[in-house]
Amino acid sequence: MKPAALWRIGLVIGLVALLEVLCLAGVIDKLTMQPPHVMAMDIWRMLASGSLNAAIAKTLGNAAIAFVLAMAIGVAAAIAIHRVKAVREALDPLFATYYAIPIFAFYPLLIILFGLGDAPEIFIGTALGVVGVIVSTLNGLDRVPRVLMKTARIARFGTLETAWRITLPYASPYILSGAKLAVAYSLIGIIGAEFIMSSSGMGYEISFAYNNFDNATMYPLIVLVLVVAGAFNAALGRWEKALMARRGLA
């Protein structure tokens, strides 16, 4: 295992141990937070009972749909934008300020457009994740060597064939960087939307538990979200590093 990974694991263990000590010593009172070992038992009890399995499945399922849509739309949009310099120059400033837009403020309009259900939540998750994918993909496409593009022209590849055989494979490490952002933003979008426009899902359950001082439900759900996002991003990170190492860039 590399030193960086060991340091990362050590830091996480150290922070958890510090939190455990602070909770047990009473510096953090029980009403505010239970010790990490109690959170772990609460997670096991919650999953074993199956009481929140439907809420967990709903949130993770919608987040997965939002992630796939963000990746598909983001990559396709980046390919189209990259081919037209004027469009790229016009949109770059918008991409830089996109995340200053309060997307959650549009939820009444989204409910009117899509109705009550999962569609508005998925739209928000997709909208949050897609620009990160576009920017990362454009970053990768900018780095495709000109000689490869000349080879595509000599071979008379069309736009789609050039993207499939040359530009996207070359840009794949950067696309994976965008995928890591899409994972986080999709989860944030779905869970945030469930806070304000849903009567089910992990976001709703976290909000309900918070309002009722139910730490035994709130913290295990938060930890579960962190574990799922961390595990998925770690897998994407290893894949990204493998691709970079294959090219001698890592």
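Overview of the structure. Only a predicted model underlies this, so the values are computations on that prediction, with no experimental measurement involved.

Reading the values: rules and limits
Residues numbered from 1 in each chain as written. Predicted model: local features only at pLDDT ≥ 70, side-chain atom pairs only at ≥ 80, totals over all residues. Heavy atoms only, no water. Patch = residues over 30% accessible without salt bridge, like charges linked within 9 Å, V, L, I, M, F, W, Y side chains within 5 Å. Areas by Shrake-Rupley, 256 points an atom, 1.4 Å probe, with all protein chains shown as cover. Salt bridge = Lys/Arg side-chain N within 4 Å of Asp/Glu carboxyl O. Helix = DSSP H or I, 4+ residues; strand = E, 2+ residues; numbered from the N terminus. Buried < 20%, exposed > 50% of the residue type's maximum accessible area, 1.4 Å probe, protein only. Axes fitted to C-alpha atoms, helices over the stretch in contact; angles between N-to-C directions. Parallel < 35°, antiparallel > 145°, perpendicular 65-115°, else oblique. Contact = heavy atoms within 4.5 Å. Nonpolar A, V, L, I, M, F, W, Y, C, P; charged D, E, K, R; others polar. Phe/Tyr/Trp six-rings, centres within 6.5 Å; stacked < 30°, edge-to-face > 60°. Polar contact = N/O pair within 3.5 Å; in protein donor to acceptor, adjacent residues only side chain to side chain. 1 Å grid on protein atoms, 1.4 Å probe; cavity = no way out; pocket = protein on both sides within 12 Å on 5 of 7 lines; lining within 4 Å. Points joined across faces, edges and corners; volume = space filled by probe spheres on them. Expected span 1.5 Å × (residues − 1). Bend = angle between axes of the 7 residues up to and from the residue.

**What about a nonpolar patch on the surface?**
Where nonpolar side chains cluster on the molecular surface, the patch consists of Ile 101, Phe 106, Leu 109, Ile 112, Leu 113, Phe 114 and Phe 123 and spans about 710 Å² of accessible area. The leading source of residues in the nonpolar patch is helix α5 (residues 107-114), at four residues. Here Ile 112 is to be found in helix α5. Given a relative accessible area of 69%, Ile 112 falls into the exposed group.

**Comments concerning the packing of helix α3 (residues 53-83) against helix α9 (residues 202-211)**
α9 packs onto α3 with a crossing angle of 125° between their chain directions and a minimal axis gap of 8 Å. With respect to α9, the axis of α3 lies oblique. Mapping the contact onto sequence places Ala 55, Ile 56 and Thr 59 in α3 and Met 202, Gly 203 and Glu 205 in α9. Looking at the contact of α3 with α9 residue by residue, the classes come out as three nonpolar, two polar and one charged.

**With respect to the side chain of Thr 167**
On the secondary structure map, Thr 167 appears in helix α8 (residues 159-197). Thr 167 sits in the buried class, given a relative accessible area of 10%. Ignoring any residue separated from it by four or fewer positions in sequence, one finds Thr 167 in contact with Leu 141, Val 144, Met 149 and Thr 162.

**Brief notes about the environment of Ser 199**
Looking at the secondary structure, you find Ser 199 in the loop between α8 and α9. For Ser 199, a relative accessible area of 60% translates into the label exposed. Along the primary structure Ser 199 and Gly 26 are separated by 173 residues, whereas in three dimensions their C-alpha atoms are 35 Å apart.

**Description of the packing of aromatic side chains**
For any pair of aromatic rings, geometry is given as the distance between the ring centres together with the angle between the planes. In the structure shown here, the tally under the stated rule is five aromatic pairs. Ring plane angle 85° and centroid distance 5.2 Å describe the contact between Tyr 98 and Tyr 99, whose orientation is recorded as edge-to-face. Overall, Tyr 98 belongs to the buried group, its relative accessible area being 17%. For Tyr 99, a relative accessible area of 35% corresponds to the partly exposed category. Ring geometry for Tyr 99 versus Tyr 185: centroids 4.6 Å apart, planes at 10°, classification stacked. Of this pair, Tyr 99 sits in the loop between α4 (85-97) and α5 while Tyr 185 sits in helix α8, and the two are 86 residues apart along the sequence. A network of ring pairs unites the aromatic residues Tyr 98, Tyr 99 and Tyr 185 as a single cluster.

**Focus on the side chain of Ser 172**
By secondary structure assignment, the location of Ser 172 is in helix α8. A polar contact is formed between the side chain of Ser 172 and the backbone oxygen of Pro 169, at a distance of 2.7 Å.

**With respect to the layout of surface pockets**
Its boundaries defined by the atoms lining it, the largest pocket holds a volume of some 1,000 Å³. Around the largest pocket, the lining is made up of 26 residues, and of these Arg 8, Ile 9, Val 12, Gly 230 and Ala 234 lie nearest the centre. If you list the elements that add at least two residues to the lining of the largest pocket, you get α1 (3-24), α2 (36-49) and α10 (215-246). By residue number, the principal contributor to the lining of the largest pocket is α10, which donates eleven residues.

**Focus: α4**
Counted at 1.5 Å a residue, the expected span for α4 with its 13 residues is 18 Å, and the 19 Å between its end C-alpha atoms agrees. Where α4 bends most, the angle comes to about 35°, and this point is Leu 91, followed within four residues by the proline Pro 93.

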